[in-house]
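Descriptive structure summary
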Amino acid sequence: MTGVTVGVIANPVAATDIRRVTANAASMPVADRANAILRVMAALGACGVPRVLMMPENGGIGRHLARSLERERKLGRTGLPARHVTATPVTGTVDDTFAATRAMVAAGVSGIVVLGGDGTHRAVAACCGEAWIAGISTGTNNAFPEHREPTVTGLAVGLAVTGRVPAATALQPNKMLQVTIGGGQGGRRSDIALVDVSLTTEAYVGARALWRSGHLREIFVTFADPEAIGLSAVAGLLRPVGRREPHGLRVWLQPPAEADTVLRAPIAPGLIEPVGVRRYETLAPGHTASLRPESGMISLDGERELYVRPGDRAEITLLPNAFRTLDVGAVMRYAARHRLLTR
Amino acid sequence: MSNDNFPLSRDELLRAYRTMKTIREFEERVHVEFATGDLPGFVHLYAGEEAAATGIMMHLGPNDHIASTHRGHGHCIAKGVDVKGMFAELYGRATGTCRGKGGSMHIADLDMGMMGANGILGAGAPLVCGAALASKYKKDGGVAVSFVGDGASNAGNFLESLNLAAVWDLPAIFVVENNAYAQSTSRDYAVAVDSYVDRAAGFGLPGVTVDGTDFFAVHEAAGEMIARARKGGGPSLLECSMIRFYGHFEGDAQTYRAAGEVEELRANRDCLTRFAQQVAQAGVLEQADLDSVDREVAALIDEGVAEAQQAPHPSEDQVLTDVYVSY
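Fair warning: this is a prediction, and the values are worked out from it, not measured in the lab. (Residues numbered from 1 in each chain as written. Chains lettered and ligands numbered in written order. Predicted model: local features only at pLDDT ≥ 70, side-chain atom pairs only at ≥ 80, totals over all residues. Heavy atoms only, no water.)

Looking at the packing of aromatic side chains
Note the cut-off: Within 6.5 Å between ring centres, the rings of Phe, Tyr and Trp (the latter by its six-membered ring) count as paired, and their orientation is classed by plane angle as stacked under 30 degrees, edge-to-face over 60, tilted in between. Helix and strand definitions here come from DSSP, where helices need a minimum of 4 consecutive H or I residues and strands a minimum of 2 consecutive E residues; each element is numbered from the N-terminal end. When a residue's accessible area, from a 1.4 Å probe over protein chains only, is under 20% of the maximum for its type it is buried; when over 50% it is exposed; and in between it is partly exposed. Put simply, a charge is over a ring when the Lys NZ or the Arg CZ is close to the ring centre, within 6 Å, and near the line of the ring normal, within 35 degrees.
Under the criterion given, the structure shown has 10 aromatic pairs over all chains. Plain terms: the ring middles of A:Phe144 and A:Phe323 are 5.8 Å apart, the flat faces sit at 45° to each other, and that makes the pair tilted. Placement of A:Phe144 in the loop between β5 (132-137) and α6 (150-161) and of A:Phe323 in strand β16 (residues 313-326) is noted, with a sequence separation of 179 residues between them. The same class applies to A:Phe144 and to A:Phe323, which are both buried. On the basis of an interplanar angle of 10° and a centroid distance of 5.3 Å, the ring pair of B:Phe216 and B:Phe275 is categorised as stacked. You can see B:Phe216 sitting in helix α9 (residues 215-230) and its partner B:Phe275 sitting in helix α11 (residues 271-282), a full 59 residues away along the chain. With relative accessibility at 0%, the residue B:Phe275 sits in the buried group. Taken together, the ring pairs in this structure connect B:Phe6, B:Tyr17, B:Phe215, B:Phe216 and B:Phe275 into an aromatic cluster. Between the NZ or CZ atom of A:Arg243 and the centre of the ring of A:Phe144, over which it lies, the distance is 5.4 Å. Positioned above the aromatic ring of A:Trp252, the side-chain terminus of A:Arg279 is 3.7 Å from the ring centre.

Here it is, written out as structure tokens:
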């Protein structure tokens with residue numbers, strides 16, 4: 001493949017978890033996800049991007065998109081980028097995202113449009129290396145990806161990937177939390193989080209999504225946003241910390257009945273729960289917090305992921321400059337100032 | 001070994017494993033016995049899908065009803081239907097659950113709230129609306145659960161039932177067991193609205209997708225839905241993304257499947273293996289606990305087949321009894 005290619009990773013099962021019944025959370029229809037990609041493609045085409053490289057999946061987004069592209073062709077609407085698909089397996093698991101991201105990086109893709117929630121973005125960030133992410137929220141809690149019309153994100157991606165906006169303006173570094181567990185009966189394992197790591201006494205993965213606040217004991221966040229939903233909001237209601245600030249925040253929790261400070265925090269859409277706070281402090285970049293959690297789980301970006309076994313010690317490190325994302329607002333302001341979208 | 005922060009007790013975990021293992025061994029044995037030609041009729045095996053039936057049925061009691069599909073053995077066992085009676089039924093014997101006249105595709109046990117397997121695709125869904133309406137009318141706290149496959153999810157009776165349940169706000173749960181094939185037709189080809197959550201939303205119902213090979217994921221999601229319905233919160237839809245180890249029916253050549261597909265599924269997506277890994281990771285059961293259940297189940301299956309093979313067939317004068325209802 002020659003010329004500029006934009007990667008597209010769209011998670012077909014984002015926003016279909018248990019919070020539809022526990023918290024009246026919304027879901028975005030597969031057809032609308034496909035339409036969002038069409039709008040991104042229209043914007044990329046307007047910027048002269050000749051092709052997109054997509055992740056294959058079995059949830060229907062690709063099939064809807066194929067039908068829609070055929071319809072566009074019949075209607076004589078030209079100018080859309082050619083659609084290619086990575087030659088990666090489809091398992092219906094997060095492995096598909098890992099494999100597709102690596103394939104895109106290997107193909108020389110510099111920017112990847114991601115449609116999903118925090119979990120999808122976390123999977124891409126784990127493998128994207130120097131490639132940057134342009135996120136579009138289609139998940140449930142979505143503290144990490146911004147809510148924005150995909151057409152605008154597509155224009156910003158197109159302008160950035162074709163070099164019309166300097167990288168220093170277009171791209172922003174992001175923090176990340178690295179978690180390593182070991183020393184106990186469960187062996188050594190590690191993972192990452194883009195927004196939050198939490199320790200919970202709830203000792204099973206179950207339906208994955210974290211939606212009961214009473215089991216939470218400790219939270220680490222890369223940024224603390226009082227406008228967000230989820231654990232970033234819990235921290236943000238104590239002390240807001242921006243995405244671009246160098247530090248994070250660590251919050252110790254306790255059952256509301258025992259706490260002096262009890263927040264009423266939106267831990268999921270439509271679910272405002274009491275959260276008892278013991279104390280909090282800033283988390284310095286590069287600093288590693290070493291702790292011996294009681295048995296339970298460590299959750300990553302709001303999903304129960306890692307069991308804590310007797311004897312386990314957990315190390316949580318705030319990594320600065322871990323990966324880059326597209327600053328859509330900065331790109332569009334630059335485009336306005338330099339008349340990049342003026343004929 | 002115990003863990004106070006685990007949501008299921010040791011007894012509940014053992015019951016869940018026993019149920020899943022019983023379904024698996026029942027189906028593996030039916031696969032063998034059917035090949036001998038001794039079992040009349042058709043059989044459709046549930047092997048590989050055990051976590052879904054078990055994770056859902058753990059939340060149901062005798063006051064709750066289910067309506068099954070043509071692939072109903074797993075639903076029966078998980079709902080508490082007697083395994084020996086089921087073997088006898090499949091052999092067409094007078095000691096069977098339906099006195100040998102229902103067979104695999106019409107097996108039912110109303111005493112256990114099991115309204116029947118069903119040879120008509122999607123036909124269980126309107127039956128469940130009826131059972132749920134009865135519970136709502138009687139205020140008995142009962143919930144009714146309908147099972148359909150991804151193929152039947154396109155049927156009009158299923159879609160009409162979603163509408164009816166929503167309009168009447170029934171204590172009904174619609175479970176779509178999406179094993180990716182409608183007989184031999186891939187879901188990718190035959191289903192226009194790929195997400196069952198989307199389909200539920202079209203009728204104003206909440207929908208949830210879970211990995212149907214993960215007992216704990218099914219158990220938690222189904223528990224929330226059933227508790228919600230029991231409290232008057234209305235119907236919802238649960239999509240279990242799952243797999244089947246055997247063909248659509250016994251004898252299916254499965255030419256529509258990729259080479260090595262079944263072997264890969266058995267190696268990497270076996271719900272029983274996953275359950276064993278999960279309870280070990282959480283430190284809530286030992287392998288010895290599971291081994292003990294395995295021995296218990298193996299003995300039950302052997303006894304069930306042996307007793308069924310020795311049981312009498314229905315007598316000639318019973319040919320028309322239990323078959324037609326007189327009003």
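A few points about the pattern of salt bridges
Side-chain pairs of opposite charge can arise whenever the charged atoms involved come near each other. All names here are of chain A. We count it as follows: In what follows, salt bridge is the name for a side-chain nitrogen of Lys or Arg lying within 4 Å of a carboxyl oxygen of Asp or Glu.
Per the counting criterion, the structure on display carries 34 salt bridges over all chains. For Glu70, the salt bridge is made with Arg73, and the minimal N-O distance between the two is 2.6 Å. Here Glu70 and its partner Arg73 are both found in helix α3 (residues 61-74), three residues apart, which amounts to about one turn of the helix. Take Glu70: its relative accessible area is 32%, and that puts it in the partly exposed class. Taking the relative accessible area as the measure of exposure, Arg73 reaches 54% and is therefore exposed. Residues Glu218 and Arg250 are paired through a salt bridge, measuring 2.6 Å at the closest nitrogen-oxygen approach. Highlighted residues: Glu218 in strand β9 (residues 216-221) and Arg250 in strand β10 (residues 248-254), separated in sequence by 32 residues. Both residues of the pair, Glu218 and Arg250, count as buried. Salt bridges sharing common partners tie together Arg122, Asp191, Arg208, Asp301, Glu303 and Glu305.

Some details on the packing of helix α5 (residues 124-138) of chain B against helix α6 (residues 156-168) of chain B
All names here are of chain B. Rules: In this description, a line fitted to the C-alpha atoms serves as the axis of each element, helices being fitted only across the stretch in contact, and the angle between N-to-C directions of two axes falls anywhere from 0 to 180 degrees. Convention used here: angles under 35 degrees read as roughly parallel, angles over 145 as roughly antiparallel, angles from 65 to 115 as roughly perpendicular, and any remaining angle as oblique. A crossing counts as left-handed when the near helix is turned anticlockwise from the far one by less than a right angle, and as right-handed when that turn is clockwise. Should any heavy atoms of two residues lie within 4.5 Å, those residues are counted as being in contact.
Taken N-terminus to C-terminus, the directions of α5 and α6 make an angle of 15°; their axes are 8 Å apart at the nearest point. With respect to α6, the element α5 is oriented roughly parallel. As α5 packs across α6, the resulting crossing turns out to be left-handed. Contacts from Ala125, Pro126, Cys129, Leu133 and Lys136 in α5 reach Asn157, Phe158, Ser161, Leu164, Ala165 and Trp168 in α6.

Looking at the side chain of A:Thr120
Of note, A:Thr120 is situated in helix α5 (residues 118-125). Those residues in contact with A:Thr120 that lie beyond four places of it in its chain are A:Ile9, A:Asn11, A:Thr97, A:Val114 and A:Leu115.

A word on the sheet that holds strand β7 (residues 236-241) of chain B
Residue and element names in this part refer to chain B. What counts is decided by this rule: Strand pairing follows a simple DSSP-based rule, namely that at least 2 bridges must link the two strands.
Pairing in this open sheet of five strands is parallel, and the strands run β1-β2-β3-β7-β6 from one edge to the other. Among the strands making up the open sheet, the edge pair consists of β1 (65-67) and β6 (207-211). Mean inter-strand twist for the sheet, computed between neighbouring axes without regard to direction, equals 20°. One ladder, built from six bridges, connects strand β3 (residues 172-178) with β7; its direction is parallel. Looking at β7, one finds that Phe174 is bridged to Leu237. Packed onto the sheet, α5 meets β1, β2 (144-149) and β3 and runs at close to 175° relative to β2.

Description of the sheet that holds strand β8 (residues 196-200) of chain A
One key point about sheets: their strands pair by backbone hydrogen bonds, in either a parallel or an antiparallel sense. Residue and element names in this part refer to chain A. Sheet architecture is open: seven strands sit in the order β11-β12-β10-β9-β8-β14-β15, paired in antiparallel fashion. Strands with a single pairing partner mark the edges of an open sheet, and in this sheet they are β11 (261-268) and β15 (303-308). The average angle at which neighbouring strand axes cross in this sheet is 35°, direction not considered.

A closer look at α9(B)
Residues and elements named next belong to chain B. Under the convention used in this document: Helix span is expected to be 1.5 Å times the residue number reduced by one. In protein, a polar contact means a hydrogen-donor-capable atom and an acceptor-capable atom, both N or O and within 3.5 Å, with residues adjacent in sequence counting only if both atoms are side-chain atoms; elsewhere, any N or O pair within 3.5 Å suffices.
Here α9 contains 16 residues, and its C-alpha end-to-end distance of 22 Å stays within 8% of the 22 Å for a straight helix at 1.5 Å per residue. Burial of α9 is extensive: 12 of the 16 residues sit out of reach of the surface. Burial in α9 covers these residues: Phe215, Phe216, Ala217, Val218, His219, Glu220, Ala221, Ala222, Gly223, Met225, Ile226 and Ala229. Its side-chain oxygen placed 3.1 Å from the backbone nitrogen of Phe216, Asp214 serves as the N-cap of α9. Positive backbone phi, at 100°, marks Gly232, one or two positions downstream of α9.

A word on the interface of chain A and chain B
When the parts of a complex come together, some accessible area is lost, and that lost area is often used as the size of the interface. This is how it is decided: Defined here as a combined quantity, buried area equals the accessible surface (1.4 Å probe) lost by two parts on assembly, summed across both.
Each side of the interface is counted separately: chain A has 32 residues, and chain B has 30 residues. Between chain A and chain B, roughly 2,400 Å² of surface is buried when both sides are summed, and carbon and sulfur atoms account for 51% of that area. Inspection of the chain A/chain B interface yields one salt bridge. Note that B:Glu220 is salt-bridged to A:Arg304, the shortest N-O span being 3.1 Å. Remark: the boundary between chain A and chain B carries six residue pairs in polar contact (both at pLDDT 80 or more).

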